[in-house]
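Each chain, written out:
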Amino acid sequence: MVIELSNIKKDFGKHKVLKGVDLSFSEGKIYSILGPNGSGKTTLMKSILGLVKPSSGAITVCGKDAINDFKQREFIGYAPQIARFPENLTVNEVIKLVTSIRKQPSNPDPLIQLFEIDSFRTQRLKNLSGGTRQKVNLALSLMFDSKIYILDEPTSGLDPINRIRLKELLLDLKQQGKTILVTTHILHLAEQISDELIFLLEGKIKYSGPTEELMSMTSSENLEQAIAKLIQQQTEKEQAHV
């Protein structure tokens, strides 16, 4: 497996965010990590990246310890939900900065063309719209030939055309054998691109497996219905124990 998590728990003070997560991710697949706000999705991704240290448990990325040895980051391209750039830099300058820090071969030009941001290359980031900043964010995360891509709400701020372009790009990367983890609230996107779904609720995995199995298990016509039924089932279980 490319990524393995064993009994991952994360507490922020008295608040338990992850409550014993076991997961494995293999190459050449797209995984959508779903769940309501506060379910632990971003904390899970940041734990894999080494940006959050779990309270307990083990994580390996490409066979390397991802909790105590941050060398795993060289295998990962990461797009945060909210990208914070040095505001006075131009698009060209931030690309050069990230390339110099990472010290790996990069090829931003195809992504610049794909997302139509060539005309913005000399503009300062503080002057860009939210959608254009997100396209820059995606270009920075995908311009390296990484084994793994972790994308936190990558369609945020994108127009429909660029959502389609991103979807096609992710499917192409999957064909190249990349492992792709995506969090999204756009359920039809998850339904279209995912090989497997992971549904988190209150820090616990309520489902992990193929999309079709989840819809069959919940007798649902689409993913939105299936997720709604999972949440309803959990609510009914909690009420039964009150």
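Residues numbered from 1 in each chain as written. Predicted model: local features only at pLDDT ≥ 70, side-chain atom pairs only at ≥ 80, totals over all residues. Heavy atoms only, no water.

### Comments concerning the pattern of salt bridges
Thought 1: One pass over the structure, following the stated rule, counts eight salt bridges.
Thought 2: The residue aspartate 109 makes a salt bridge to arginine 121 at a minimum N-O spacing of 3.1 Å. Highlighted residues: aspartate 109 in helix H3 (residues 109-114) and arginine 121 in the loop between H3 and helix H4 (130-142), separated in sequence by twelve residues.
Thought 3: With a closest N to O distance of 3.6 Å, arginine 121 and aspartate 118 form a salt bridge. (Salt bridge = Lys/Arg side-chain N within 4 Å of Asp/Glu carboxyl O. Helix = DSSP H or I, 4+ residues; strand = E, 2+ residues; numbered from the N terminus.)

### Some remarks on the packing of aromatic side chains
Thought 1: Enumeration according to the criterion identifies one aromatic pair in this entry.
Thought 2: Taking the centre distance of 4.8 Å and the plane angle of 85° together, the rings of phenylalanine 25 and tyrosine 31 count as edge-to-face.
Thought 3: Note on phenylalanine 25: relative accessible area 0%, which makes it buried.
Thought 4: The class of tyrosine 31 is buried, set by a relative accessible area of 2%. (Phe/Tyr/Trp six-rings, centres within 6.5 Å; stacked < 30°, edge-to-face > 60°. Buried < 20%, exposed > 50% of the residue type's maximum accessible area, 1.4 Å probe, protein only.)

### What about H4?
Thought 1: Its 13 residues give H4 an end-to-end C-alpha distance of 18 Å, which sits within 8% of 18 Å, the value for a rise of 1.5 Å per residue.
Thought 2: Judged by how many residues are buried, H4 sits mostly within the fold: twelve of 13 residues are covered.
Thought 3: Taken together, the buried positions of H4 are Gly131, Thr132, Arg133, Gln134, Lys135, Val136, Asn137, Leu138, Ala139, Leu140, Ser141 and Leu142.
Thought 4: In this structure, the buried side of H4 is in contact with strand S6 (76-79), helix H2 (91-102), H3, strand S7 (148-152) and helix H5 (160-175). (Expected span 1.5 Å × (residues − 1). Contact = heavy atoms within 4.5 Å.)

### Overview of the sheet that holds strand S2 (residues 15-25)
Thought 1: The antiparallel open sheet is built from four strands, whose spatial order is S2-S1-S4-S5. With partners counted over all chains shown, the strands left at the sheet margins are S2 and strand S5 (64-65), one partner each.
Thought 2: With two bridges connecting them, strand S4 (residues 56-61) and S5 associate as antiparallel partners. In the strand pairing of S5, threonine 60 is matched with aspartate 65.
Thought 3: Along the sheet, helix H1 (residues 41-49) makes contact with strand S1 (3-12), S2 and S4, crossing S2 at roughly 60°. (Pairing = 2+ DSSP bridges. Axes fitted to C-alpha atoms, helices over the stretch in contact; angles between N-to-C directions.)

Read these as layout, nothing more, since geometry by itself doesn't imply function.
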